[in-house]
Amino acid sequence: MINVLVPVTENAEEFWTSVKSICDDVNVQIIIGVKDGIARQYDFNIPNAIVKEYGDNVTREEMLNDFQSLLLGEGVFIARKPFTKDEFANFTSQKEQIVVCKSKDKNKFVSFVKRIWRNVVKFIFGVKFFEGDPSLIYFNEDLGGVLTNVNNFSYSTRIDRWRATTKTAVESSYPNVKPEQDKALNIKLIIFAILALVIGAVTTTLVCIFAKVTIVIGLLLACLDIICLSISVLLFIALTFNMQVGHKNINNIKKGE
């Protein structure tokens, strides 16, 4: 059986069509999360579906983390965007253990830059991106049991920390969704990155103006500038990583939300 996880925070009509197209399949358990505002407009109570209603402030990734306790320990198909019946069949019939959406990039230069960027992220943070987009992602039955026990279920389905597994990417028709951002963290990273540059530049300038710069002082200033620049670069890399992956630390949904 395949667990089909569908967090609905937008595009309700398209999601309704997607779920309706596969609800007659006896080999699926459909888990749908719906915001209260959407639940009042659309009836998602359809066959083979567990429907959970959430407050309007609950995010897509929070819903997915909340779904984890309902998993049956078999195949898992996560739909962060709408899909067609044929796409569902295509994803779940692949031989590979993990299936994602093919990247929409058509520019070879952009693809080349992304490959370099991914290697940099892997070197610095020790994690990889999926070779594609996780807006739709399928984990076969071999990994279903693992997903029931992983920490931060949502994050584990957006970043590739899956070793010794086979992966592939297939076409999808709907545009890929943008990750939900941790705006507060992103702002902090920007501020600290700029602050590191300012500290290096201001310190060097003031010392050069008010002190006699010897070889030793010059070397110390050079070291300071290199350290500040390195910190700033690392912070900007962390910023772009967070923007591409989205909010990492997803809060558990409290009762009543």
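Counting from 1, residues in each chain are numbered in the order their sequence is written. Predicted model: local features are reported for residues with pLDDT of at least 70 only, side-chain atom pairs are reported and counted for 80 or more only, and whole-chain, interface and lining totals are derived from all residues. The basis for the side-chain values is all heavy atoms of the structure; hydrogens and waters are excluded.

**Q** Whenever I open this one, the overall build of the protein confuses me. Can you help?
**A** Secondary structure summary: the protein contains 9 helices and 7 strands in total. The reference for a compact globule is 2.2 Å times residues^0.38; the radius of gyration itself is calculated from the C-alpha atoms. In terms of overall size, the protein is more extended than a compact globule, its C-alpha atoms giving a radius of gyration of 23 Å where 257 residues would be expected to give roughly 18 Å. Buried, partly exposed and exposed residues are distinguished by accessible area as a fraction of the type maximum, computed with a 1.4 Å probe on protein chains only: under 20%, between the cut-offs, and over 50%, respectively. Counting across all 257 residues of the protein, residues that qualify as buried make up 42%. Look at the contacts in the protein between residues 6 or more apart in sequence, and 77% of them connect residues 24 or more apart. Secondary structure elements follow DSSP: runs of H or I no shorter than four residues count as helices, runs of E no shorter than two count as strands, and numbering proceeds from the N terminus. The criterion used for residue contact is that any of the two residues' heavy atoms lie within 4.5 Å.

**Q** Help me out: how do you make sense of the state of the cysteines in this one?
**A** Between two cysteines, a covalent bond joining their sulfur atoms is known as a disulfide. The disulfide criterion is simple: two cysteine sulfur atoms within 2.5 Å. In the structure shown here, the tally under the stated rule is 0 disulfides. The thiol of cysteine 228 is not disulfide-bonded; the next cysteine sulfur, from cysteine 223, is found 11 Å away. Cysteine 228 sits in the buried class, given a relative accessible area of 9%.

**Q** How should I be thinking about the side chain of lysine 35 in this particular structure?
**A** Inspection of the secondary structure puts lysine 35 in strand β2 (residues 28-35). Counting rule applied: Lys, Arg positive; Asp, Glu negative; His and chain ends not counted. Just to be clear on terms, a salt bridge is a Lys or Arg side-chain nitrogen sitting within 4 Å of an Asp or Glu carboxyl oxygen. Buried and unpaired, lysine 35 has no salt bridge, with aspartate 56 as the nearest side chain of opposite charge at 6.0 Å. The residues touching lysine 35, leaving out its near neighbours within four places in the chain, are Val8, Thr9, Tyr54, Gly55, Asp56, Val58 and Met63.

**Q** Sorry if this is basic, but what is going on with the packing of helix α8 (residues 183-210) against helix α9 (residues 215-245) here?
**A** Working note: a packed helix pair is described by the angle between its axes plus the distance between those axes. Whenever a helix is involved, its axis is fitted only over the stretch in contact; in every case the axis is a line through C-alpha atoms, and angles between N-to-C directions fall within 0 to 180 degrees. Contact geometry of α8 with α9 gives a least axis separation of 9 Å together with a crossing angle of 165 degrees. With respect to α9, the element α8 is oriented roughly antiparallel. α8 and α9 meet at a crossing whose hand is left-handed. Class assignment for the residues of the contact of α8 with α9 results in 22 nonpolar, 6 polar and 1 charged. Convention used here: angles under 35 degrees read as roughly parallel, angles over 145 as roughly antiparallel, angles from 65 to 115 as roughly perpendicular, and any remaining angle as oblique. Each helix crossing is assigned a hand: it is left-handed if the near helix lies turned anticlockwise from the far helix by less than a right angle, otherwise right-handed if that turn is clockwise. Note that Gly is not counted as nonpolar here; it falls among the polar residues with everything else outside the nonpolar set of Ala, Val, Leu, Ile, Met, Phe, Trp, Tyr, Cys and Pro and the charged set of Asp, Glu, Lys and Arg.

**Q** Quick question: what am I supposed to make of helix α5 (residues 108-125) here?
**A** Note: α-helices contain 3.6 residues per turn, so residues at a spacing of three or four share the same orientation. To estimate the expected span of a helix, count its residues, drop one, and scale the result by 1.5 Å. Over its 18 residues, α5 runs 25 Å from end to end, which matches the ideal 26 Å to within 8%, given 1.5 Å per residue. Inspection of α5 places Trp117, Arg118 and Val121 among the buried residues, and these make up the whole buried set. End-on, the buried residues of α5 take up no more than an arc of 105 degrees, which puts them together on one face. Exposed and facing more than 90 degrees away from the buried side of α5 are Lys108, Phe109, Asn119 and Phe123. Just past α5, the residue glycine 126 takes up positive phi, approximately 75 degrees. It is the directions from the helix axis to the C-beta atoms whose arc is reported.

**Q** Any chance you could explain empty space enclosed by the protein here in plain terms?
**A** Where empty space is left in the structure can be found by rolling a water-sized probe over the atoms. Definitions used for this entry: grid spacing 1 Å over protein atoms alone; cavity, a set of points where a 1.4 Å probe fits but cannot get out; pocket, an open set with protein on both sides within 12 Å along at least 5 of 7 lines; lining residue, one with an atom within 4 Å of a point. Grid points are joined across faces, edges and corners, and a volume is the space filled by probe spheres set on the points. Within this structure, the stated rule accounts for 1 cavity of 30 Å³ or more. Space inside the largest cavity adds up to approximately 50 Å³. Along the walls of the largest cavity sit Pro7, Thr9, Glu10, Asn11, Phe15, Arg60, Arg80, Lys81, Pro82 and Val177, which together make up its complete lining. Taken together, the residues of the lining of the largest cavity sort by class into 4 nonpolar, 2 polar and 4 charged.

**Q** Just checking my understanding: could you explain the packing of aromatic side chains for this structure?
**A** In this description, an aromatic ring pair is defined by two values, namely the gap between the centres and the angle between the planes. Here a pair means two rings of Phe, Tyr or Trp (six-membered ring of Trp) with centres within 6.5 Å. Their orientation is stacked below 30 degrees between planes, edge-to-face above 60, and tilted elsewhere. The final tally for this structure, using the stated rule, is 7 aromatic pairs. Ring geometry for phenylalanine 77 and phenylalanine 88: centres 5.1 Å apart, planes at 90 degrees, overall edge-to-face. Residue phenylalanine 77 is found in strand β4 (residues 75-79), and its partner phenylalanine 88 is found in helix α4 (residues 85-92); the two are separated by 11 residues along the sequence. Considered together, phenylalanine 77 and phenylalanine 88 belong to a single accessibility category, that of buried residues. Here phenylalanine 129 and phenylalanine 241 contribute two aromatic rings whose centre-to-centre distance is 5.6 Å and whose plane-to-plane angle is 45 degrees, an arrangement assigned as tilted. On the criterion of sequence distance, the pair formed by phenylalanine 129 in the loop between α5 and β6 (133-139) and phenylalanine 241 in helix α9 is long-range, its members being 112 residues apart. Neither residue differs from the other here; phenylalanine 129 and phenylalanine 241 are each classed as buried. Three or more aromatic residues joined by ring pairs form one cluster here, namely Phe77, Phe83, Phe88 and Phe91.

**Q** Teacher, can you tell me more about the nonpolar core here?
**A** Where a protein is soluble and globular, its nonpolar side chains tend to be buried together. What makes a nonpolar core is a set of buried Ala, Val, Leu, Ile, Met, Phe, Trp, Tyr and Cys residues whose side-chain atoms join them at distances within 4.5 Å. The biggest cluster of nonpolar side chains holds 26 residues, and the ones touching the most others in it are Val4, Val6, Ile30 and Phe77. The set of elements that each furnish at least two residues to this core consists of β1 (2-8), α1 (12-22), β2, β4, α4, β5 (98-101) and β6. Ignoring sequence-local partners within four residues, the contact set of isoleucine 30 consists of Val4, Val6, Val19, Ile22, Cys23, Pro47, Asn48, Ala49 and Ile50.

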